[in-house]
Amino acid sequence: KAGVTQTPRYLIKTRGQQVTLSCSPISGHRSVSWYQQTPGQGLQFLFEYFSETQRNKGNFPGRFSGRQFSNSRSEMNVSTLELGDSALYLCASGPAHTDTQYFGPGTRLTVL
Amino acid sequence: AQSVTQPDIHITVSEGASLELRCNYSYGATPYLFWYVQSPGQGLQLLLKYFSGDTLVQGIKGFEAEFKRSQSSFNLRKPSVHWSDAAEYFCAVGAKGGGSQGNLIFGKGTKLSVKP
């Protein structure tokens, strides 16, 4: 099976802009989670979607949002970008009713 | 509060030497435990996981980990390190029950360097 894919892999934006990141889970996986990784804060959970519903949400401001489509693909959106949003954004997918997550390669977002 | 502690930020071992990376967790219920590895510029690769049963779990690439409930630890071991093992290693704890599998709590990671 193909792994989790994320697009784009690299992105450069300026403050105030918005950005949309995409994630395609492993075929058959219905759960998709997003994480932010920074040198200072480490890996932090953003949100999780299952069958197009947000099932869990981390402690991030409302500028961070996401959605999941009927084919389980997911997008996350960050509006009004700040310098501190520069990070590696990781998507993970998992089969239903298990707790194992498989990660994609990430999208490296740089905010100037 | 739930947390994961990896006490060692950076470890250097010689190729062929044994390795142990420490992980301690704080979790109110019975946890699911994971070890992931991340090479530079890459995502996270699952090495192994513990859900229940045998407290010594085997993973990929020759790694193993032992769950010790009394010590709230889940240390990762490898008997003989290869240069390709140089990477950053993350311990994580997840909620048991599958109701909200997305919320993994990660430690800060341990960077492993391997000397030739």
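What counts and what doesn't
Residues numbered from 1 in each chain as written. Chains lettered and ligands numbered in written order. Predicted model: local features only at pLDDT ≥ 70, side-chain atom pairs only at ≥ 80, totals over all residues. Heavy atoms only, no water. Salt bridge = Lys/Arg side-chain N within 4 Å of Asp/Glu carboxyl O. Helix = DSSP H or I, 4+ residues; strand = E, 2+ residues; numbered from the N terminus. Disulfide = S-S within 2.5 Å. Contact = heavy atoms within 4.5 Å. Buried area = accessible area lost by both parts, 1.4 Å probe. Polar contact = N/O pair within 3.5 Å; in protein donor to acceptor, adjacent residues only side chain to side chain. Nonpolar A, V, L, I, M, F, W, Y, C, P; charged D, E, K, R; others polar. Buried < 20%, exposed > 50% of the residue type's maximum accessible area, 1.4 Å probe, protein only. Pairing = 2+ DSSP bridges.

**Some words on the pattern of salt bridges**
According to the stated counting rule, one finds nine salt bridges over all chains in the structure shown. Measuring nitrogen to oxygen at the nearest pair gives 3.2 Å for the salt bridge that ties Glu 75 of chain A to Arg 67 of chain A. Its salt-bridge partner being Glu 66 of chain B, residue Arg 77 of chain B comes within 3.2 Å of it at the nearest N-O pair. With Arg 77 of chain B in strand β9 (residues 73-78) and Glu 66 of chain B in strand β8 (residues 64-68), the pair connects residues that are 11 residues apart, well separated along the chain. Through salt bridges with shared partners, a single ionic network connects Arg 63, Glu 82 and Asp 85 of chain A.

**With respect to the state of the cysteines**
Residue and element names in this part refer to chain B. Scanning the model with the defined rule gives two disulfides over all chains in all. Between the sulfur atoms of Cys 23 and its disulfide mate Cys 91 the distance is 2.0 Å. Handedness here is read from the sign of the S-S torsion; for Cys 23 and Cys 91, about -65 degrees, the answer is left-handed. You can see Cys 23 sitting in the loop between β3 (19-21) and β4 (24-26) and its partner Cys 91 sitting in strand β10 (residues 87-94), a full 68 residues away along the chain.

**Side note on the interface of chain A and chain B**
Taken together, the contact pairs 27 residues of chain A with 23 residues of chain B. The largest share of the area that chain A buries against chain B comes from Leu 43, Asp 99 and Phe 103 of chain A, three residues that together contribute 33% of it. For the pair chain A and chain B, the interface holds zero salt bridges. Viewed at the interface, chain B and chain A are joined by five residue pairs in polar contact (both at pLDDT 80 or more). Among the elements of the structure, β4 (31-38), β5 (42-50), β6 (53-57), β9 (87-94) and β10 (102-103) of chain A are those that each provide at least two residues to the side of chain A that touches chain B. Taken together, the residues of the side of chain A that touches chain B break down into 10 nonpolar, 13 polar and four charged.

**Things to note about the environment of Ala 29 of chain B**
Residues and elements named next belong to chain B. With respect to the secondary-structure elements, Ala 29 resides in the loop between β4 and β5 (32-38). Judged by its relative accessible area of 46%, Ala 29 is partly exposed. In this structure the C-alpha to C-alpha distance between Ala 29 and Tyr 50, which are 21 residues apart in sequence, comes to 14 Å.

**Structural notes on the pairing of β9 of chain A**
Residues and elements named next belong to chain A. Most of β9 is tucked away, with eight of its eight residues classed as buried. Every second residue of β9 is oriented toward a common face, with Ala 87, Tyr 89, Cys 91 and Ser 93 on one face and Leu 88, Leu 90, Ala 92 and Gly 94 on the other, all of them buried. Across seven bridges, β4 lies against β9 in antiparallel orientation. Bridge assignment links Ser 33 to a residue of β9, and that residue is Ala 92. The sheet contact formed by β9 and strand β11 (residues 107-111) spans three bridges and is antiparallel. From the neighbouring strand, Ala 87 faces β11, where its bridge partner is Leu 109. Looking at chain direction, β9 and β10 are connected through two bridges and run antiparallel. Along β10, the bridge assignment pairs Ser 93 with Tyr 102.

**As for the side chain of Ser 73 of chain B**
Note that Ser 73 of chain B resides in strand β9. Each residue touching Ser 73 of chain B, except ones within four places of it in the same chain, is listed here: Cys 23, Asn 24, Tyr 25, Glu 66, Phe 67 and Lys 68 of chain B.

Fair warning: the whole summary comes from geometry, so function is off the table for now.
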